[in-house]
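The lines below spell out each chain.
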Amino acid sequence: MKQSSENGAVTSASVRGAYTAEYFLEDCGGYETYKQSGGKVLDIRLECMARLGALKLGASQVRVLDLGCGRGEIARYFAAQGCLVDAVDYSPQAIELAEACFEGEPSLRQNTHFVCGSVTDPKVYQGGYDLVLASDLIEHLAPQELDELYSLVRRHLKPDGLFAIHTFPNHWFYRFGYPRRRREAELKGESLPSEPRSPYELQMHINEQTPTGMRKQLASHFEHVLLWGADHHNPAGSLQKRFSKSDWRDAPSLFALAARRPLERQRVIDVLGARLEDSRHPDEAVAATAAATVPEKWSGSGVAKRLVRQLRRIPGVRKAIDILSGVYHLPRLRHELAILMKAHHVDGGDQKRLMGWYQAFEDAFRGPPEVIRERLRVYLPYIVNAPVQPTSPLLDLGCGRGDWLSLLAETGISARGVDTHPDALVRAEAQGLLVTRASAVEYLAGLPNASLGAITAFHLLEHLPFETLLQLLEEAHRVLEPGGVFIFETPNPENLSVGACHFYADPTHQKPLLPEVMAFTLAHVGFTAIETLRLNPVASEHHIQEQGNLPHRFNTLFYGPRDFALVAKK
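Residues numbered from 1 in each chain as written. Predicted model: local features only at pLDDT ≥ 70, side-chain atom pairs only at ≥ 80, totals over all residues. Heavy atoms only, no water.

## Side note on the packing of aromatic side chains
Working step 1: By the definition in use, this model includes 24 aromatic pairs.
Working step 2: Taking 6.4 Å as the distance between ring centres and 75° as the angle between the ring planes, the aromatic pair formed by tyrosine 174 and tyrosine 178 counts as edge-to-face. In this pair, tyrosine 174 and tyrosine 178 both sit in helix α8 (residues 171–187), four residues apart, roughly one turn of the helix. Each member of the pair, tyrosine 174 as well as tyrosine 178, carries the same accessibility label: buried.
Working step 3: One aromatic cluster is present, built from ring pairs that chain together Tyr19, Tyr23, Phe24, Tyr90 and Tyr200.
Working step 4: The ring centre of phenylalanine 176 lies 3.9 Å from the NZ or CZ of arginine 249, which sits over that ring. (Phe/Tyr/Trp six-rings, centres within 6.5 Å; stacked < 30°, edge-to-face > 60°. Helix = DSSP H or I, 4+ residues; strand = E, 2+ residues; numbered from the N terminus. Buried < 20%, exposed > 50% of the residue type's maximum accessible area, 1.4 Å probe, protein only. Lys NZ or Arg CZ within 6 Å of the ring centre and 35° of its normal.)

Okay, here's the thing in structure tokens:
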């Protein structure tokens, strides 16, 4: 229940005590990335704000005001871009965490001025800002406080300055979109909690925004306002694609830009699609120093939540965790969760060791990039005829080092990729490719309906338990536009050498997948126009000489196509 001030109105001052170190390190969005990198890497939520900030970068001595700076990641980012940053938060614990972001970086710290105070206090504004940021702030302020905030920002923004805002949740999403998702989950025999908000959000979100209300209040203070609905995986959202009423209700987040001068819509779309200077994923040196960067007294926080996140990846356990997710206080479950984790051998060190081994394994056995790109050319005609465009790009699941994405880039096809292997993603990013570190199913689940023109997955599905594979296919069908194309390639067990031997050379493979069974499964989840391609046979010079049906059958079974692909449409 929300607290009230003496006059009965709920204000940010009435919940100030809730903004503790525990909140910032266990609940506040992006806390895992902060802990892993010590605040030196932006999570996907803050990356979107950093991209918007690029609209003002380039000039010398850019002045930035970060309102509600929290743990300080975005303040540090802009300091690293050479900006002079004022960062404000009324939580002393937030300021202490923000200071820790600058560990070992005294020159960046000199460019940053932290203020522990209210964003509605005129004294914290030091006039003349090129860029003002309010990321996940305005839902924490009462309507009258928002008017005060907007008035102060308007007064202290330079004539050509920019005010960038992100808020979560879009209240329409929690009111309309989430209940629909619950109903859809129930039809599949799954369960989502009745209340999507955490106890912190229930207490702190005193003014969740709607698109119409937010636009109206901003327009009462600023001459020009650009507001759009989106999610962090597709931050341009309704800027690129005209949203229906249903789309607006399914958009988790709201973004806005406000200014005195006209805003260029296309330029905003361009920067949202650009790649940031800093990679989202820390290298080994940063990761190794992360634990020391986070203040020691807080370094053990969030154990239960980390357990839950890892256990959700285990088939059969996920549903149980979803049912329990409405129970926020988990101390009494830690013992049971630890037992489950041990039983399933979920260990962070083991996972890191496996990823390092797997990248070396792929380098040794997969083949040179130019060879793989040549093999993948067979799929280009299917993509050229798919509804792929900047507003509905192609998504490559398990993109690895980016062989397919680089081929698409050469042909001018709009595409992005996801993978869980950090070393592979570093190689992809080095080629200028747009990639994200995430599991395929989780990434798809976060996308809005009908938002992609095509989805590809080359040698990914055989790594998934069948329950997860089925969920991936369902999500892929949901997020594709009508007429969108889904393509996957996997080892072909019809070739007995593959099915009985070579398939198991990769110990992370689950079970061979049969073409007929997979075609049936695609049709089962709603795909149509399913076409089977049998590819990459052994070179004919290795075949035995054919004289009669028996040698032909032998060559087919042992030297025939080593891979197969299915191409399907929504």
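## Describing the packing of helix α18 (residues 369–376) against helix α20 (residues 403–410)
Working step 1: It is the contact of α18 with α20, at a shortest axis distance of 9 Å, that shows an interaxial angle of 65°. The angle between α18 and α20 falls in the class roughly perpendicular. α18 and α20 meet at a crossing whose hand is right-handed. Counting all contacts with α18, which are made through Pro369, Ile372, Arg373 and Leu376, the residues of α20 involved are Asp403, Trp404, Ser406, Leu407 and Glu410. (Axes fitted to C-alpha atoms, helices over the stretch in contact; angles between N-to-C directions. Parallel < 35°, antiparallel > 145°, perpendicular 65-115°, else oblique. Left-handed = near helix turned anticlockwise from the far one by under 90°. Contact = heavy atoms within 4.5 Å.)

## Observations regarding the pairing of strand β4 (residues 129–135)
Working step 1: Most of β4 sits out of view: seven of its seven residues are buried.
Working step 2: Here β4 pairs with strand β5 (residues 157–167) via six bridges, running parallel. Looking at β5, one finds that valine 132 is bridged to phenylalanine 163. (Pairing = 2+ DSSP bridges.)

## Quick notes on the environment of glycine 82
Working step 1: Here glycine 82 is to be found in the loop between α4 (73–80) and β2 (84–89).
Working step 2: Judged by relative accessible area, which is 40%, glycine 82 ranks as partly exposed.
Working step 3: Along the sequence, glycine 82 and leucine 108 sit 26 residues apart, while their C-alpha atoms lie 8.1 Å from each other.

## Let's talk about the side chain of lysine 40
Working step 1: Residue position: lysine 40 is located in the loop between α2 (31–37) and α3 (44–53).
Working step 2: Setting aside chain neighbours within four positions, we find lysine 40 in contact with Arg76, Cys101, Phe102, Glu103 and Glu105.

## Concerning the side chain of aspartate 247
Working step 1: Its place among the elements puts aspartate 247 in helix α11 (residues 245–250).
Working step 2: For the buried aspartate 247, no salt bridge is present, and the opposite-charge side chain at shortest range is lysine 241, 4.7 Å distant.
Working step 3: Not counting residues within four places of it along the chain, the set of residues in contact with aspartate 247 comprises Lys241 and Arg242. (Lys, Arg positive; Asp, Glu negative; His and termini not counted. Salt bridge = Lys/Arg side-chain N within 4 Å of Asp/Glu carboxyl O.)

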